[in-house]
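Overview (structure and organization)
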Amino acid sequence: MIEFFKEYLPYLKNYKRKLFLAIFGMILVSISTAAVAYLVKPVMDKIFVEQNVTMLYILPIFVILAFFGKAVGSFLSSYYLTFIGEDVVRIIKNKMLKHIVSLDLDFHLNIHSGELISRITNDISRIKSAIASDAISFVRSFFTIIALIVVVVYQSPKLALFSIVIIPMAFFPIKIISKKIKILSKESQEQNSKLTSSLSEIFNNYEMIKAYNSQDYEQKRFEKENLNYFKINMKSVKQQQLLSPIFEILGAISIVSVILFGGREVLITHELTTGGFFSFLTALSLLLDPIKKISNSYSKFQIAVAANERIKEIMMHPVMIKTGYKKIEKINNLKFKNVDLLYGNKKALNNINFTAKKGEVIGFVGDSGGGKTSVVNLLLRFYDPSNGSIYIDDKDLKYFDLKDFRNHVCVVSQRVYIVNDTIAANIAYGKDRDDKKIQYALEKANLWDYVKNLDNGLDTVLDESGTNLSGGQRQRISIARALYRNPDILILDEATSALDNKSEASIMKTIYAIKDELIVFIAAHRLSTVKNSDKILVFEHGNIVCEGNIDFLKETCESFKKLYMGHNLV
Ligand SMILES: Nc1ncnc2c1ncn2[C@@H]1O[C@H](COP(=O)(O)OP(=O)(O)O)[C@@H](O)[C@H]1O
Ligand SMILES: [Mg+2]
């Protein structure tokens, strides 16, 4: 818990004025509460025992003032601490997303998106409630306890000794219960992530679920996880609620002993006035509430501590692909030298060697699983080679500024990401909008004829899943997006496989028209896509088995011939 505070305390620096008001509010609450307890004495003694009529009119004013102070203090502390809590959480969410998107592709492939969503939403909101409500309750109760103890001790130090011993007695159950709550809370958050993951899977694969009639199967799977979640939460609630009866019992013990011993002092030894006794009793019963609250918020804090551990797991996750510092003007040539790539223990590429220079189109062919996309992953520096190196203009790729490098490389793959925005925004994606250039890119991607006839033209809004576009049109959006960036290296990874032969041919024509200015890599199944490449690399089980232009391969490469058996290779 101390760790938790250490981490979040620095954030509080930005809220000095608000923090001051919140603490002022808390002190006001505690003093007012103590005042209410203290006032019982004069009310009893002056009004009822001494029958003083002036006091009958004066004391209520003080009582009202005390309650008013409590109300104002309560508002100030709750409002400003909630403000701080919400704001800190907002900042952490931003930081978290920033870190998550900076993490390597490998990290994202190995974690479910639902899990990340759950951490960024659920876990963080648990921290918010810790800062905003549990911390308020904790600190406010702490001040109130101190103020009430002052009243208790002031009225009767001897009686105070009897009653306040319950505070240390309460310590052990709190300690044990809090520990249990922390463990359960972590379980509950993990289970919550599973639920979110399961939901996002269902919503993302809705078409398949309908088509395969697997609604019942998915429903059962969800219900099982949901029931687990419920069970874990109930266990945790049970622990939290156990605190309450424990305190009731301890409270009853102390009140009974006060009545017994205090009563004796009033009736027999006359060391205490009736008013003093009731003031004491009021303070004592008022004490029970903040003690209960303080233990409650302490145990609830464990929920936030558990959430924080899960958030830290992500925030501490290291970025393996580190950026270099060299800037790029223009990429003129590229070389793979003895490159291996391992995914975990699995070798995906073995001793890859090739060169490419500006103006060349390089084709990648081979069975699926051959390693074509893995080379693309290396070209984008999604992964670094496990062995060997990649050189850009004879310098190791690792030394270049990663962002700058990726600005010079564009990839179009089978997976097309459509943003819920206009066509223009989808093409300019992340860059400034320039309608002339957008039109040019769309023309080159063979989509302009379609776009110009739309009612809203470039301003037509595309929906996220791209349902107002056909598969081929989506693909062409993504090709236009790549062309708009004017890259030095353009990679098409099965990018035209969703297109009909005619559209594909027209895009290939475009690419050959601009190829002098860049290096183009085309990974494809269809022979027609790569047949005009300056060089074709044939992949087989992570090796390049042959290399050359189509005429050369037709003559010499057995693997190539096997791959296109039945095709008219002449
Ligand atoms: N992220 C990954 N983690 C583990 N193995 C992978 C990963 N990506 C690809 N592979 C494996 O690496 C091999 C090469 O895959 P890939 O490069 O995608 O082939 P291609 O694009 O030629 O079809 C395959 O056996 C594939 O299962
Ligand atoms: Mg592939």
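Residues numbered from 1 in each chain as written. Chains lettered and ligands numbered in written order. Predicted model: local features only at pLDDT ≥ 70, side-chain atom pairs only at ≥ 80, totals over all residues.

A closer look at the domain arrangement of the protein chain
- Each assigned domain of the protein chain is listed here: domain 1 (2–315) and domain 2 (333–563).
- Relative placement of domain 1 and domain 2: their C-alpha centres are 56 Å apart. (Domains from an automatic or database assignment.)

Observations regarding the sheet that holds strand E10 (residues 543–548)
- Overall, mixed pairing links the 6 strands, which are arranged E6-E7-E8-E3-E9-E10 in an open sheet. In this open sheet, the two edge strands, each paired with only one partner strand, are strand E6 (409–412) and E10. The average undirected angle you get between the axes of adjacent strands in this sheet is 15°.
- In this sheet, strand E7 (residues 489–493) lies alongside E6 in parallel orientation, the contact comprising 4 bridges. In the sheet register, Val409 faces E7, and the bridge partner there is Ile489.
- Packed onto the sheet, helix H11 (residues 372–379) meets strand E3 (361–366), E6, E7, strand E8 (519–523) and strand E9 (535–540) and runs at close to 150° relative to E7. (Pairing = 2+ DSSP bridges. Helix = DSSP H or I, 4+ residues; strand = E, 2+ residues; numbered from the N terminus. Axes fitted to C-alpha atoms, helices over the stretch in contact; angles between N-to-C directions. Contact = placed C-beta atoms within 7 Å.)

Observations regarding the site of ligand 1
- In the vicinity of ligand 1 lie 13 residues, with Tyr343, Ala348, Lys372, Thr373 and Ser374 positioned nearest.
- Contributions of two or more residues to the shell around ligand 1 are made by strand E2 (346–357) and H11.
- Of all the elements, H11 adds the most residues to the shell around ligand 1, at 3 residues.
- Here the residues of the shell around ligand 1 are counted per class, giving 4 nonpolar, 7 polar and 2 charged. (Near = placed C-beta within 6 Å. Nonpolar A, V, L, I, M, F, W, Y, C, P; charged D, E, K, R; others polar.)

Comments concerning the nonpolar core
- Grouped together as the largest cluster of nonpolar side chains are 69 residues, with contacts concentrated most on Ile427, Ala480, Ile491, Ile522 and Val538.
- Looking at this core, the element that brings in the most residues is helix H16 (residues 471–484), giving 6 residues.
- In terms of nonpolar packing, the next biggest core, distinct from the first, is built from 58 residues, Tyr38, Val88, Ala160 and Ile294 among them. (Core = buried A, V, L, I, M, F, W, Y, C linked by C-beta atoms within 7 Å. Buried ≥ 20, exposed ≤ 12 C-beta atoms within 10 Å, placed from the backbone.)

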